[in-house]
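# Coordinate inspection notes
Each chain, letter by letter, is given below.
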Amino acid sequence: PERLHQEIIDFANYMSPTEEERYARSEAIRRLEMIVKDLWPEAVVQPFGSFDSQIFLPTSDLDIVVINEEVSVDDVSKSPLQKLAKALTH
């Protein structure tokens, strides 16, 4: 029983994100937030999911929501997603 317990602890430590991984993901969110705020200063960028709960794996993606009640999606030619995509690729 003690050996299995130690193996589980060792595996959990091995799979836990390193400080470098946490920093890289936090930096990606920070950079995304800067781009979003340039487009929509009142917007909120919020991570959720495994990163937010700090139980992500090295191969996990980043779940992020952008909240902005000021943006209208009525005009299809100026889709907020298209505007964000253009800003992210330039």
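This text follows the structure it describes.
To keep things clear, this report deals only with the structure shown in the data block. Please read all numbers here as calculations on a predicted model, not as lab measurements.

### A look at the packing of helix α2 (residues 19-39) against helix α3 (residues 80-89)
- Direction vectors running N to C along α2 and α3 enclose 125°, while the axes themselves pass 10 Å from each other. Between α2 and α3, the crossing angle belongs to the class labelled oblique. The crossing of α2 and α3 is right-handed. For the pair formed by α2 and α3, the contact residues are Leu-32, Ile-35, Val-36 and Leu-39 on the first element and Lys-83, Leu-84, Ala-87 and Leu-88 on the second.
- For the contact of α2 with α3, the class distribution of residues is 7 nonpolar, no polar and 1 charged.

### A word on the nonpolar core
- Counting 9 residues, the largest nonpolar core is built from Ile-29, Leu-32, Val-36, Trp-40, Ala-43, Val-45, Phe-51, Phe-56 and Leu-84.
- Considering each element in turn, this core owes the most residues, 3 residues, to α2.
- Once residues within four sequence positions are removed from consideration, Phe-56 is found in contact with Met-15, Pro-17, Arg-22, Arg-25, Ser-50 and Phe-51.

### What to know about α2
- Compared with an ideal rise of 1.5 Å per residue, which puts 21 residues at 30 Å, α2 spans 30 Å between its outermost C-alpha atoms and is within 8% of the ideal.
- Every buried residue belonging to α2 is among Arg-25, Ile-29, Leu-32 and Val-36, and all of these are buried. One face of α2 carries all of its buried residues, which in axial projection span an arc of 65°. Across from the buried face of α2, at angles greater than 90 degrees, the exposed residues are Glu-19, Glu-20, Tyr-23, Arg-31 and Asp-38.
- Buried residues in α2 make contact with β1 (44-48), β2 (63-67) and α3.

### Thoughts on helix α1 (residues 2-15)
- Helix length check: α1 (14 residues) gives 20 Å between terminal C-alpha atoms against 20 Å at 1.5 Å per residue, within 8%.
- Along α1, only 0 of the 14 residues are buried, which leaves the element largely exposed.

Reading the values: the criteria
- Residues numbered from 1 in each chain as written.
- Predicted model: local features only at pLDDT ≥ 70, side-chain atom pairs only at ≥ 80, totals over all residues.
- Heavy atoms only, no water.
- Axes fitted to C-alpha atoms, helices over the stretch in contact; angles between N-to-C directions.
- Helix = DSSP H or I, 4+ residues; strand = E, 2+ residues; numbered from the N terminus.
- Parallel < 35°, antiparallel > 145°, perpendicular 65-115°, else oblique.
- Left-handed = near helix turned anticlockwise from the far one by under 90°.
- Contact = heavy atoms within 4.5 Å.
- Nonpolar A, V, L, I, M, F, W, Y, C, P; charged D, E, K, R; others polar.
- Core = buried A, V, L, I, M, F, W, Y, C linked by side-chain atoms within 4.5 Å.
- Buried < 20%, exposed > 50% of the residue type's maximum accessible area, 1.4 Å probe, protein only.
- Expected span 1.5 Å × (residues − 1).
- Arc of directions from axis to C-beta.

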